[in-house]
Amino acid sequence: MAQLAGRRALFAVPVLLVVTFGVFAIAAASPFDPVKAYAGTAALGADQETLDRLRTNLGVDQPFAERWWHWLTSALGGDLGQSSVMRQPVTEVIGERLVWSALLCAVAFVVAVLAGTLFGALAAHRQGGWLDRTVTSLAYTLSAAPVFWVALLVIWLFALRLDILPAGGLTDTASEQVTAGQVTSHLVLPAGVLAVSQLPWFTLYVRQGVADALAEDPVRGARARGLSERTVLFGHALRSGLLPVLTLIGSRVPELITGALLVESVFSWPGIAAATVQAATAVDFPLLAALTTLATAAVLLGNLFADLLYGLFDPRVKLSDM
């Protein structure tokens, strides 16, 4: 396990270098002017000399390769730079928002995995039946539904029409402090929407895996020994059918991050979505590079986690060969 993690860490180094370099290159080619974004409306009445001086102070008058190298060497020393659009250090920007994004993604992911496993197993147990057709149809329908459309729909239904859940934010409008109860109630809709966006894939993968496992000889032998259908389904078929799902965990991380950005924007969730959008439109090089590096690292860790789970649960796979 340690050798696999070490090899993946060595592989991650050039990947992160290429990604961060690409961020600076793309941002440099962007039509957005970071100086005008930083100055705001004051840039409309400023003369060229003032704009040039501000450009020098922000360090955007240098070639993008030089800016990337300066940011990289500083980041290795623990300094991610100063965010021009947020007017604060990048570490503070990420630190204030990352915990809420992590909470949203973790809750949604756990709900999607548990619900997808249950629905997929039940659908596979009665292949061709009404439950199988209903679950499969809903899964394909939800997989084609845009995340922002689902988010707007649940806001209209549960917040505006039924008025049983808040429409967005982290706490109530008049609240002066963050409480666990308020966070929980405000988390239900965004986490539910994000879970629904991931639910179809887990449901379909579990259904197929369990259906294949039910036709294998070990499961047939369990039935022949007189074990109950519940034991056969959840104790034997599900255990074997979950192996393909383990590889899905890592591949869904990019989709989870993208969906989280949309969900946070719709529900005004105080995560990293707003910071990402502002960093992109304002060409905030330090913040944009740090957020992109963080997302890339999350994808690499997701793939590593999936491989470790697959190696631990499947005795036929050796971690040393991965």
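Structure first, text after, so check above.
Procedures and definitions
- Residues numbered from 1 in each chain as written.
- Predicted model: local features only at pLDDT ≥ 70, side-chain atom pairs only at ≥ 80, totals over all residues.
- Heavy atoms only, no water.
- Helix = DSSP H or I, 4+ residues; strand = E, 2+ residues; numbered from the N terminus.
- Buried < 20%, exposed > 50% of the residue type's maximum accessible area, 1.4 Å probe, protein only.
- Contact = heavy atoms within 4.5 Å.
- Areas by Shrake-Rupley, 256 points an atom, 1.4 Å probe, with all protein chains shown as cover.
- Phe/Tyr/Trp six-rings, centres within 6.5 Å; stacked < 30°, edge-to-face > 60°.
- Core = buried A, V, L, I, M, F, W, Y, C linked by side-chain atoms within 4.5 Å.
- Salt bridge = Lys/Arg side-chain N within 4 Å of Asp/Glu carboxyl O.
- Axes fitted to C-alpha atoms, helices over the stretch in contact; angles between N-to-C directions.
- Parallel < 35°, antiparallel > 145°, perpendicular 65-115°, else oblique.
- Left-handed = near helix turned anticlockwise from the far one by under 90°.
- Nonpolar A, V, L, I, M, F, W, Y, C, P; charged D, E, K, R; others polar.
- Lys, Arg positive; Asp, Glu negative; His and termini not counted.
- Polar contact = N/O pair within 3.5 Å; in protein donor to acceptor, adjacent residues only side chain to side chain.

J.: Even after reading the chapter, I still don't get the overall build of the protein, so can you show me in this structure?
T.: Scanning the protein from terminus to terminus reveals 14 helices and two strands. Residues classed as buried in the protein amount to 39% of the 322 residues present. Residue pairs in contact within the protein that sit at least 24 positions apart in sequence constitute 74% of those at least 6 positions apart. Accessible surface for the protein amounts to roughly 17300 Å². Of this, 65% is attributable to carbon and sulfur atoms.

J.: Can you walk me through the packing of aromatic side chains in this structure?
T.: Aromatic ring pairs are described here by two measures, namely the spacing of the ring centres and the angle between the planes. Across all of its chains, the model carries four aromatic pairs by this definition. Ring geometry for W68 against W69: centres 6.1 Å apart, planes inclined by 55 degrees, an arrangement best described as tilted. According to the relative accessible area criterion, W69 is exposed, its value standing at 52%. Ring centres 5.7 Å apart and planes at 85 degrees place the aromatic pair F109 and F202 in the edge-to-face group. Separated by 93 residues along the polypeptide, F109 in helix α5 (residues 90-125) and F202 in helix α8 (residues 180-214) bring together distant segments of the chain. By relative accessible area, which is 1% here, F202 ends up buried. Feature note: the residues F21, W68 and W69 constitute an aromatic cluster, connected by ring pairs.

J.: Could you clarify how one ought to interpret the nonpolar core in this entry?
T.: It is characteristic of soluble globular proteins that their nonpolar side chains tend to be buried jointly. Of all hydrophobic cores here, the largest spans 42 residues; its most connected members are L104, V193, L194, F202, V210, V263 and F267. For this core, the elements supplying multiple residues, two or more each, are α5, α7 (147-161), α8, α10 (229-241), α11 (243-251) and α12 (253-267). Among the elements that take part in this core, α8 stands out by supplying 13 residues, more than any other. Sequence-distant contacts of V210, defined by excluding residues within four places in its chain, comprise A121, A124, L233, A237, L238 and G241. In terms of nonpolar packing, the next biggest core, distinct from the first, is built from 21 residues, M86, A279, V283 and A289 among them.

J.: How should I be thinking about the pattern of salt bridges in this particular structure?
T.: Close approach of charged atoms allows side chains with opposite charge to pair. Here the structure, examined in full by the defined rule, presents two salt bridges. The closest approach of N and O atoms between E96 and R97, which form a salt bridge, is 3.5 Å. We classify E96 as partly exposed; its relative accessible area is 44%. Overall, the relative accessible area of 17% leaves R97 in the buried class. Its salt-bridge partner being R207, residue D132 comes within 2.6 Å of it at the nearest N-O pair. Of this pair, D132 sits in helix α6 (residues 130-144) while R207 sits in helix α8; the two residues are 75 residues apart in sequence, bridging distant segments of the chain.

J.: Can you walk me through unusual backbone geometry in this structure?
T.: Most of the time, phi is negative for any residue but glycine, and the peptide bond is trans. The phi dihedral of D163 falls on the positive side, at around 55 degrees, and the residue is not glycine. Tracing the backbone shows D163 in the loop between α7 and α8. On the accessibility criterion, D163 (60% relative accessible area) is exposed. Phi is positive for S268, close to 55 degrees, though the residue is something other than glycine. Structurally, the position occupied by S268 is in the loop between α12 and α13 (273-281). Residue S268 is classed as exposed on the basis of its relative accessible area, which comes to 52%.

J.: Can you help me understand the packing of α7 against α8 in this one?
T.: A pair of packed helices can be characterised by two numbers: the angle between their axes and the separation between those axes. In contact at an axis separation of 10 Å, α7 and α8 are set at 140 degrees when each is read in the N-to-C sense. Comparing the axis directions of α7 and α8 gives the class oblique. In this structure, α7 crosses over α8, and the sense of that crossing is right-handed. Contacts between α7 and α8 pair V147, V150, A151, V154 and F158 from the former with L189, V193 and S197 from the latter. Residue composition of the contact of α7 with α8, grouped by class: seven nonpolar, one polar and no charged.

J.: Please explain the packing of α8 against α12 as it appears in this structure.
T.: Across the interface, α8 lies against α12 with an axial gap of 10 Å and an inter-helix angle of 145 degrees. Note that α8 runs across α12; the crossing there is right-handed. Contact residues: α8 offers L189, P190, V193, L194 and Q198, while α12 offers E255, L256, G259, A260, V263 and F267.

J.: Help me understand the side chain of E264, please; the structure alone is not making it clear to me.
T.: Residue placement: E264 occurs in helix α12. R97 provides the closest opposite charge to the buried, unpaired E264, separated from it by 8.1 Å. For E264, the side chain forms a polar contact with the side chain of S101, separated by 2.7 Å.

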